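Residue-level structural notes
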Amino acid sequence: MAGIYLHIPFCKTRCIYCDFYSTTRDDLKRRYVRALCRELTLRRDYLQGAVVETVYLGGGTPSQLAEEDLADIFRTLQEAYGLDNATEITLEANPDDLTGDYVRMLRRFPINRLSMGIQTFDEDTLKLLRRRHTARQAMDAFLRCREAGFDNLSIDLIYGLPGETDARWQADLQQAVRLRPEHVSAYHLMYEEETTLYRYLLEHRVCEVDEDASVRFYHRLTDTLSEAGYVHYEISNFCLPGRHARHNASYWQGIPYLGCGASAHSYDGRSREWNVASIEAYMQGMERGERPHEVECLDADTRYNEYVMTGLRTRWGISLDQVAADYGKERLAYLERMARPHLQRGMMAVGEGRLRLTEAGVFVSDDILSDLMYV
Ligand code: SF4
C-alpha cells in the first residue's frame, strides 16, 4: 500500500498568514504540469510496485488547475501507476474556485474527496487574512459540492486568530457542524516569520491570543465536535465515524509515499527525499530529465523517533509489536521504561498492544514525546 502526493504551488493571491511554498505566477502552470507529469513517469519505480491507495493534490491551490491540467495529471497517474485501487483521491480547494461549472468539471475526474480551506466564517477576519472568499461563498460552495455528489468533504478551520473570542470560535464551530462535513481539520494559528501577519504582530497591529484562551478554544473544539458525533482521531483532525483522511493517516503510520512537484517530499520506508523548493529550478531540471532533489537516509533511531512522534498524534497510537519488529527490542524496552511515569499519571494508556496519549496527555504531548525520543 502506498500514496502519491502532488504539490500544486499556485495561488491566485497570497493569504497574509501563510508560509507555504507557492507563487501567484499563473502563466507557469501549463509548463509546471508538464514537468509534474514527467516526474510521475520517471519515478514510476519509486514505490516498487506497491498498490496506490490514496492520491492527494495539495498546495498552494490545486483548484487553480484547469480541466486540461487535471486531464494530463490523471492520464499520467493512470498510465504509470493505475488508479483502480485508489479509494481516496483528494483535491484541496479554495471556496471561491468552486463555481458550479468548476465543481461539475471536477466530477469528470476520479476525485472523490475535496478539502476546502474555509478557515473561519467571520467576515472581518477573512478580510484581514486576505482570504478571497466570504463566509456566504464558503457555505454556498460547500452545498454546491454536496449537490454535485461529493460525499466526502473536509473543511479546514483556524482558531486563535487575531481578535478571537470564545463566542466567535463557538460560532465558527456551530456553522461547521451545521454543514456536516465528513472531516474537519482545525489548527491553531501560527505566526510564521516572513509572513505579513507576523509583521503585523511586531507592529502591534494584531496580538496573539493568550495561552489560557488557546487551551479553552481547544477544549471547545474537542467538546463541540465530539458532541456532534465526530471522532477526534488526530490532534488536529476530526471525522465522522470511518471517514478519517486515509492519505494523511498513512503519513502517521509510516506508509511509503511518492511526492512529486516543487518542494514535495517522498518516503520509501528507509529514506526521505525532497525536491528543490523552486518552481523554476524544478521545471528546468525536469525538462532535462534530472530531478533537483536531496536524499536523507534514515537510520533506525530516526525512523523509530518519527514513528513514535507521528503515531502518538493519533488515537490509534503506536503498536508495541511493530516497535519491536521494526526497531528492535532495545528500543521497545526504552519506550516502555520512558512511558511508565506518563502511564502512571494517566497521560498515556495501553490497550490491545498499542500505546497512546489520553486526552489529558495531548496537552503535554511535547514533553511526553521528548521523553520518548531515542537519543
Ligand atoms: S493559505 Fe492556501 S490559498 Fe492562501 S496563500 Fe497559502 S496556500 Fe495559497
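Residues numbered from 1 in each chain as written. Predicted model: local features only at pLDDT ≥ 70, side-chain atom pairs only at ≥ 80, totals over all residues.

1. Examining the environment of Ala-141
Structurally, the position occupied by Ala-141 is in helix H5 (residues 135-147). Judged by the 25 C-beta atoms lying within 10 Å of it, Ala-141 is buried. Linking Ala-141 and Asp-97, residues 44 residues apart in sequence, is a C-alpha distance of 8.5 Å. Excluding residues within four positions of it along the chain, Ala-141 makes contact with Pro-95, Leu-98 and Met-116. (Helix = DSSP H or I, 4+ residues; strand = E, 2+ residues; numbered from the N terminus. Buried ≥ 20, exposed ≤ 12 C-beta atoms within 10 Å, placed from the backbone. Contact = placed C-beta atoms within 7 Å.)

2. As for the site of the ligand
Taken together, Cys-11, Arg-14, Cys-15, Cys-18, Phe-20, Ser-22, Gly-59, Gly-60, Thr-61, Asn-94 and Gly-117 make up the full set of residues adjacent to the ligand. Classifying every residue of the shell around the ligand gives four nonpolar, six polar and one charged. (Near = placed C-beta within 6 Å. Nonpolar A, V, L, I, M, F, W, Y, C, P; charged D, E, K, R; others polar.)

3. Side note on unusual backbone geometry
In this model, Gly-59 is joined to Gly-60 through a cis peptide bond whose omega is 15 degrees. Position of Gly-60 relative to the elements: it lies in the loop between strand E2 (52-59) and helix H2 (67-80). For Arg-180, which is not glycine, the phi dihedral falls at a positive 60 degrees. Mapped onto the elements of the fold, Arg-180 is located in the loop between helix H6 (166-179) and strand E6 (183-188).

4. Some words on the pairing of strand E11 (residues 271-275)
Pairing geometry for strand E10 (residues 265-267) and E11, over three bridges, is antiparallel. Along E11, the bridge assignment pairs Tyr-267 with Arg-272. As consecutive antiparallel partners, E10 and E11 are separated by three residues, and within that stretch Gly-269 has a phi angle of approximately 95 degrees, a positive value. Where E11 lies against strand E12 (residues 293-297), five bridges are found, and the strand directions are antiparallel. Considered in E12, the bridge of Glu-273 is made with Val-295. (Pairing = 2+ DSSP bridges.)

5. Some words on the sheet that holds strand E15 (residues 354-357)
Taken in spatial order, the three strands make up an open sheet running E13-E15-E14, and their pairing is antiparallel. The open sheet has two edge strands with one neighbour each: strand E13 (318-319) and strand E14 (348-351). Strand direction decides the pairing type here: E13 and E15, joined by two bridges, are antiparallel. Directly across from Ser-319, in E15, lies its bridge partner Arg-354.

6. Section: the packing of helix H12 (residues 320-327) against helix H13 (residues 329-344)
Viewed as axis vectors pointing N to C, H12 and H13 meet at an angle of 140 degrees, and their least axial separation amounts to 7 Å. Taking contact as the criterion, the partners of Leu-320, Val-323, Ala-324 and Tyr-327 in H12 are, on H13, Lys-329, Arg-331, Leu-332 and Leu-335. Looking at side-chain class alone, the contact of H12 with H13 contains six nonpolar, no polar and two charged residues. (Axes fitted to C-alpha atoms, helices over the stretch in contact; angles between N-to-C directions.)

7. Focus: the environment of Leu-197
Its place among the elements puts Leu-197 in helix H7 (residues 196-202). The class of Leu-197 is buried, set by 22 C-beta atoms lying within 10 Å. As a C-alpha pair, Leu-197 and Gly-259 span 62 residues in sequence and 29 Å in three-dimensional space. When neighbours within four sequence positions are excluded, Leu-197 is seen to be in contact with Ile-16, Tyr-17, Tyr-191 and Val-206.

8. Some remarks on H2
Under the 1.5 Å per step criterion, the end-to-end length of H2 is 20 Å for 14 residues, consistent within 8% with the ideal 20 Å. Looking at H2, one finds that the buried residues are Asp-69, Leu-70, Ile-73, Thr-76 and Leu-77. Looking down the long axis of H2, one finds its buried residues gathered within 135 degrees of arc, a one-sided arrangement. Turned more than 90 degrees away from the buried face of H2, the exposed residues are Glu-68 and Arg-75. Tucked inside the fold, the buried residues of H2 contact strand E1 (2-8), helix H1 (29-42) and E2. (Expected span 1.5 Å × (residues − 1). Arc of directions from axis to C-beta.)

9. Comments concerning the pairing of E6
Each regular strand displays side chains that alternate between the two surfaces of the sheet. One ladder, built from six bridges, connects strand E5 (residues 153-159) with E6; its direction is parallel. Bridging from a neighbouring strand, Ser-154 pairs with His-183 of E6. Relative to strand E8 (residues 237-239), E6 is paired through three bridges, and the arrangement is antiparallel. Across the sheet, the residue bridging to Ser-185 is Asn-237, located in E8.

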